[in-house]
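Close look at the chain arrangement
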Amino acid sequence: MTAEARSNLRGDYSHAAPDYTVEQDWGAYSEAEHALFRRLYERQAKLVPRYACPEWIDAIARLDAGRGIPDFAEVNRSLSRATGWRIVAVPGLIPDEPFFTHLASKRFPVTVWLRKPEEFDYIVEPDVFHDFFGHVPLLYDRVYADHLAEYGKGGLKAMRLDAIRMLARLYWYTIEFGLMKTPAGVRAYGAGLLSSGGELAYCVEDPKPRRRPFELERMLRTDYRIDRYQDCYFVIDSFGQLMRETAPDFTPIYARVRGMAVLDPAAP
Ligand code: HBI
Ligand code: FE
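Residues numbered from 1 in each chain as written. Chains lettered and ligands numbered in written order. Predicted model: local features only at pLDDT ≥ 70, side-chain atom pairs only at ≥ 80, totals over all residues. Heavy atoms only, no water.

Let's shift gears to the site of ligand 1. All residues in the neighbourhood of ligand 1 are listed as Val-90, Gly-92, Leu-93, Ile-94, Asp-96, Phe-99, Phe-100, Tyr-151, Ala-168 and Tyr-171. Taking Gly-92, its main chain carries an N or O atom lying 3.0 Å from a nitrogen atom of ligand 1. Contacts to ligand 1 include Asp-96, whose side-chain N or O atom sits 3.0 Å from an oxygen atom. For ligand 1, whose unbound accessible area comes to 400 Å², protein coverage reaches 88%. (Near = heavy atom within 4 Å. Polar contact = N/O pair within 3.5 Å; in protein donor to acceptor, adjacent residues only side chain to side chain. Areas by Shrake-Rupley, 256 points an atom, 1.4 Å probe, with all protein chains shown as cover.)

Following this line, the structure appears as structure tokens:
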């Protein structure tokens, strides 16, 4: 993330620690903010039984997140017992190095601010609803959570190899916008899908986007747009497959892919 991009971010970074964490200050949220979080939750609660992957559905039941903006300390008591992960409060998007370091240490950064009511349908930067509703439930799944910690270690290595742009595509097409095959059909596990009012049905049902099988090199080469529904999704068989296929050392893969053309997600 460029310094320029960071300077335009809306969070309050002035009190952030060197690792970019802040206090959540749960008591400071207004009743209006809790009510907006509940409205966002209720909108998605109508969709997830039909479109979310089973692992996410199992986990959300343990979170009781429908009451309002969750208190991260309360969540951490149950999450740390489940998989050893904790969530840490951050002002918003943080630089790659602290981000990857948190993931490698089983800490998931969760933004503390909530969108404005007028952003009910769409927001560019991740807010507490996207991060919490989209990302946190799957941290209760051991295989997914272990993969995310490996992704964090891989991110620190990718920084040394100047391969972040390639690795960010893998994150985008899995953790943010990933689909999974299930006996009932394709289901969403990506946080950007699970927290979206419109894209959650679109990614499963619309005939327009391409749905490709997991193919690591193709994902590392395929570009993406952050401001519209995706033209292309990648479908894993399971979190076990995601873990296995991303376990090898990426150094030779980066070397091979670096010289290849970037692929347009809408290309056939
Ligand atoms: N910071 N808080 C936060 N959340 C993210 O998802 C995030 C980030 N910083 C960097 C980043 N994601 C991506 O650039 C990496 O996954 C590549
Ligand atoms: Fe996200």
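Once the structure has been displayed, the description carries forward.
This next bit is on the sheet that holds strand 5 (residues 210-213). Paired through backbone hydrogen bonds, the strands of a sheet run either parallel or antiparallel to each other. Spatially, 4-3-6-5 is the arrangement adopted by the four strands of the open sheet, whose pairing is mixed. Strands at the two margins of the open sheet, each flanked by one partner only, are strand 4 (185-188) and strand 5. Averaged over all pairs of adjacent strands, the angle between strand axes in this sheet comes to 40 degrees, irrespective of strand direction. As paired elements, strand 3 (residues 179-182) and strand 6 (residues 232-236) share two bridges and run parallel to each other. Bridge pairing links Leu-179 to Val-235 in strand 6. (Pairing = 2+ DSSP bridges. Helix = DSSP H or I, 4+ residues; strand = E, 2+ residues; numbered from the N terminus. Axes fitted to C-alpha atoms, helices over the stretch in contact; angles between N-to-C directions.)

Right, let's get into a nonpolar patch on the surface. A contiguous nonpolar surface patch, about 320 Å² in accessible area, is contributed by Tyr-122, Val-124 and Ile-226. With respect to the helices and strands, the residue Val-124 is situated in the loop between strand 2 (107-111) and helix 7 (128-135). (Patch = residues over 30% accessible without salt bridge, like charges linked within 9 Å, V, L, I, M, F, W, Y side chains within 5 Å. Salt bridge = Lys/Arg side-chain N within 4 Å of Asp/Glu carboxyl O.)

Here we take up the pattern of salt bridges. Any two side chains of opposite charge can pair, given that their charged atoms come close. Per the counting criterion, the structure on display carries 15 salt bridges. A salt bridge links Arg-67 to Glu-74; the nearest nitrogen and oxygen atoms lie 3.2 Å apart. Residue class for Arg-67 comes out exposed when judged on its relative accessible area of 51%. Measuring nitrogen to oxygen at the nearest pair gives 3.9 Å for the salt bridge that ties Asp-146 to Lys-106. On the criterion of sequence distance, the pair formed by Asp-146 in helix 8 (residues 142-160) and Lys-106 in the loop between helix 6 (96-104) and strand 2 is long-range, its members being 40 residues apart. (Buried < 20%, exposed > 50% of the residue type's maximum accessible area, 1.4 Å probe, protein only.)

Distances from the iron ion (ligand 2) to its protein donors, His-130 (NE2), His-135 (NE2), Glu-176 (OE) and Glu-176 (OE), fall within 1.9 to 2.7 Å. In this structure, the iron ion (ligand 2) is coordinated by four donor atoms arranged in irregular fashion, with angles at the metal of 52 to 135 degrees. Here the donor residues of the iron ion (ligand 2) are spaced in sequence according to H-x4-H-x40-E. In this pair, the class of His-130 matches that of His-135, namely buried. (Donors = N, O, S within 2.8 Å, 3.2 Å for Na, K, Ca; no water. Tetrahedral: all angles 85-135°; square planar, octahedral: opposite > 155°, others 65-115°.)

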